[in-house]
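Observations on the three-dimensional arrangement
Letter by letter, the chains look like this.
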Amino acid sequence: GIGRKSANVILNNLFNENTIAVDTHVLRVSNRLGLSKSKTPNDVENDLIHVIPKKFHKHTSDWLVLHGRYICTAKKPKCEECFLYDLCGTIN
């Protein structure tokens, strides 16, 4: 079998399902923005499903991954470039 994240990516991209795949970037950014307080990918996925409107589920993972890679990085986030700065639990 394959893992839950991979399954969600396949369902999302190939079958146009509204799934949310949680990787390290999604987990970190979700916690920093207060979208989740969970520590496991499955729990973060469940939290996001409940706080993100369904019409955005298809793109949520991509948006959070890109934000986590380029702006909200693990070691040195670029807070001065972040348009979500006011929502960030890391600083506030």
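Provided above is the structure to which this section pertains.
What this report covers is the structure whose coordinates are included nearby. (Residues numbered from 1 in each chain as written. Predicted model: local features only at pLDDT ≥ 70, side-chain atom pairs only at ≥ 80, totals over all residues. Heavy atoms only, no water.)

Attention now goes to the packing of aromatic side chains. All chains considered together, the criterion is met by one aromatic pair. For the pair F56 and W63, a centre-to-centre distance of 6.1 Å together with 50 degrees between the ring planes defines the contact as tilted. Exposure remark for F56: the relative accessible area of 34% places this residue in the partly exposed category. (Phe/Tyr/Trp six-rings, centres within 6.5 Å; stacked < 30°, edge-to-face > 60°. Buried < 20%, exposed > 50% of the residue type's maximum accessible area, 1.4 Å probe, protein only.)

Our focus in this paragraph is a nonpolar patch on the surface. Side chains of I2, I10, L11, L14 and F15 sit close together on the surface and give an oily, nonpolar patch of about 520 Å² of accessible area. Looking at the secondary structure, you find I2 in the segment before α1 (4-15). On the basis of relative accessible area, I2 is assigned to the exposed category, the value being 57%. (Patch = residues over 30% accessible without salt bridge, like charges linked within 9 Å, V, L, I, M, F, W, Y side chains within 5 Å. Areas by Shrake-Rupley, 256 points an atom, 1.4 Å probe, with all protein chains shown as cover. Salt bridge = Lys/Arg side-chain N within 4 Å of Asp/Glu carboxyl O. Helix = DSSP H or I, 4+ residues; strand = E, 2+ residues; numbered from the N terminus.)

Another aspect to go through is the layout of surface pockets. Reported here for the largest pocket is a volume of approximately 230 Å³. Around the largest pocket, the lining residues are L33, L35, I52, F56, T60, W63, L64, H67, I71, F83, L84 and L87. Of the residues belonging to the lining of the largest pocket, the class tally is 10 nonpolar, two polar and no charged. Considering the residues around the second largest pocket, the lining is formed by K5, N8, V9, N12, N13, A21, D23, K58, S61, D62, V65 and R69. (1 Å grid on protein atoms, 1.4 Å probe; cavity = no way out; pocket = protein on both sides within 12 Å on 5 of 7 lines; lining within 4 Å. Points joined across faces, edges and corners; volume = space filled by probe spheres on them. Nonpolar A, V, L, I, M, F, W, Y, C, P; charged D, E, K, R; others polar.)

With 15 residues, the main nonpolar core has V22, V26, V29, V44, L48 and L64 as its most contacted residues. If you list the elements that add at least two residues to this core, you get α2 (24-32), α3 (41-51) and α4 (57-70). Here this core gets three residues from one element, more than from any other, and that element is α2. Setting aside chain neighbours within four positions, we find V22 in contact with K5, L27, P41, V44 and E45. (Core = buried A, V, L, I, M, F, W, Y, C linked by side-chain atoms within 4.5 Å. Contact = heavy atoms within 4.5 Å.)

Now for α3. What α3 keeps buried is the set V44, E45 and L48. Each buried residue of α3 lies within a common arc of 105 degrees when the element is viewed along its axis, so the set occupies one face. Buried residues along α3 sit against α1, α2 and α4. (Arc of directions from axis to C-beta.)

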